[in-house]
Amino acid sequence: MRMKFKQFYGWLLLLDCVTTKATMTRLHKGVEDDCSDQYASSANLSCLLTSVKVPCEQRVCNPYIDGNFRASMFRMNHQHVQAARLLTHTYGASIPAEACVNEEHWIAEPDLGRLNQVEAAVASMSHTARAGKMFPIMITKVPCTAWGCCALPYEIRTNSTDLLSAVNFFVKGEYRILLDLQGLKPKHILDVGGVGMSAVWLALLYPDAIIYRLDPHPDNFLAGAYNGWGVSNLRQINIGLWDKTTVLQMCDRTDISWGTGWPFASSQQQAWYAREPEHPPCAKVAVDGVHVTTLSEIMDMYSIPSFDIIKSDMEGAELQVFRHPNTIAIMKQVSVFIGELHNRSVPGSGDKVVEMFERIGGYRYFHDNENDVWISNKLFKVGCD
């Protein structure tokens, strides 16, 4: 049976997706037994036990190898995205890439995925958005377990750094090192901070895991909640992490330079940090009355025994979170920690994470893209350097 969306609000839609049984299988056409480079390891972590257990035909696609980014990102008109969202009810928040994506379906313009930092920021200001200040894009290649490679409809806020985040995350593969862990079968994943893109990416990569996304900033939280509403294994909570349960004020770091030509007064949604009453006043207040709590409180609240993977982008809150006395015991059970540390904006915050892993021991350290990564020795072959 073919599903054709020919008319939607009077517009001719160009999505034409085959949904027969033959199509609703993993899309690994042409993948040989030795794994073509599209499905191979991105970091060549040959010592990892998990990377050698997954047959080629069961691997997800890897669009991020050697900087040859295979994903494209195009703006869609709103009728296209509505049709795409109808399809996500069937496919679980994603569309099989080879079945549905044809670049001529999207509005003709330069590939948004090839923009640099300043270009992406400027481009977000030039787009016409619908009510709610969002405009839709389609990412053409996203790793996903259900289909091997998926296309992902997403909505980006105008006049924000969301487009820059989407370029870095979906096209350049900010957390691509996790593709070397395809044999890992996590049950519980914690995603702290960001605008929700990583939570959707993790949910598609690990469909048998429950992803818990935490974010205290109301606008960032709602942007992620909107884009992740169709993802069944994603839980989103409008709260942040700290060393106690309290209410904080968030400040905008307007003192950080984001480069020549940067069109905003700050990084918009990305450079927030929190303050308590005894801290110096904000130069510019971002949000008043944000709720935060401890990591152990979140785990008790949702009956989570442990986290297998933790992704962290806490904008400096690491300093408080990782000094809580229960954090050491919790982190000892984590297989993979991947985080963007923020010594630049909050001195000592990144050092606190490094100090904690040195104290725990039993992890190997990697640096990938902007992230610091610790992987448990339990995931490596014995005697393999």
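Calculation criteria
Residues numbered from 1 in each chain as written. Predicted model: local features only at pLDDT ≥ 70, side-chain atom pairs only at ≥ 80, totals over all residues. Heavy atoms only, no water. Helix = DSSP H or I, 4+ residues; strand = E, 2+ residues; numbered from the N terminus. Salt bridge = Lys/Arg side-chain N within 4 Å of Asp/Glu carboxyl O. Buried < 20%, exposed > 50% of the residue type's maximum accessible area, 1.4 Å probe, protein only. Core = buried A, V, L, I, M, F, W, Y, C linked by side-chain atoms within 4.5 Å. Pairing = 2+ DSSP bridges. Axes fitted to C-alpha atoms, helices over the stretch in contact; angles between N-to-C directions. Contact = heavy atoms within 4.5 Å. Disulfide = S-S within 2.5 Å. Phe/Tyr/Trp six-rings, centres within 6.5 Å; stacked < 30°, edge-to-face > 60°. Polar contact = N/O pair within 3.5 Å; in protein donor to acceptor, adjacent residues only side chain to side chain.

1. Considering the environment of Met-134
Residue position: Met-134 is located in strand S7 (residues 134–144). Along the sequence, Met-134 and Glu-155 sit 21 residues apart, while their C-alpha atoms lie 5.9 Å from each other.

2. Remarks on the pattern of salt bridges
According to the stated counting rule, one finds seven salt bridges in the structure shown. Across the salt bridge formed by Lys-352 and Glu-355, the nearest N and O atoms sit 3.9 Å from each other. Of this pair, Lys-352 and Glu-355 are both found in helix H10 (residues 349–360), three residues apart, which corresponds to roughly one turn of the helix. For Glu-355, a relative accessible area of 47% gives the class partly exposed.

3. Quick word on the nonpolar core
The biggest cluster of nonpolar side chains holds 56 residues, and the ones touching the most others in it are Phe-170 and Trp-201. Those elements that provide at least two residues to this core are helix H3 (117–126), S7, strand S8 (148–157), helix H4 (162–171), helix H5 (197–205), strand S17 (336–339) and strand S19 (371–376). Among the nonpolar cores identified, the runner-up in size contains 36 residues, and Trp-242, Ala-274, Val-292 and Ile-360 belong to it.

4. Observations concerning the sheet that holds strand S16 (residues 309–313)
Sheets are built from strands paired through backbone hydrogen bonds, the pairs being either parallel or antiparallel. Strand order in the open sheet made by the seven strands is S11-S10-S9-S16-S17-S19-S18, with mixed pairing throughout. Every interior strand has two partners, whereas the edge strands, strand S11 (234–237) and strand S18 (363–368), have only one. Going from strand to strand, the sheet's axes swing by 15° on average, the running direction of each strand aside. Relative to strand S10 (residues 210–214), strand S9 (residues 188–193) is paired through five bridges, and the arrangement is parallel. Looking across to S10, one finds that Val-192 is bridged to Leu-214. On the sheet, H10 packs against S17, S18 and S19 and is oriented at approximately 15° with respect to S19.

5. Some thoughts on the state of the cysteines
Summed over all chains, the structure comprises two disulfides. At a sulfur-sulfur separation of 1.8 Å, the disulfide partner of Cys-144 is Cys-150. What sets the handedness of the Cys-144 and Cys-150 disulfide is the S-S torsion sign, and at about 75° it is right-handed. This pair shows no difference in class: Cys-144 is buried, exactly as Cys-150 is.

6. Here we look at the packing of aromatic side chains
Under the counting rule described, the total for this entry stands at 12 aromatic pairs. Aromatic side chains Tyr-212 and Phe-307 sit 6.2 Å apart centroid to centroid with 75° between the ring planes, which places their arrangement in the edge-to-face category. Residue Tyr-212 is found in strand S10, and its partner Phe-307 is found in the loop between helix H7 (295–301) and S16; the two are separated by 95 residues along the sequence. Note on accessibility: Tyr-212 and Phe-307 belong to one class, buried.

7. Some details on the side chain of Arg-157
Inspection of the secondary structure assignment puts Arg-157 in strand S8. A relative accessible area of 9% means that Arg-157 is categorised as buried. Separated by 2.7 Å, the side chains of Arg-157 and Asp-162 make a polar contact. At 3.3 Å, the side chain of Arg-157 forms a polar contact with the backbone oxygen of Asp-219.

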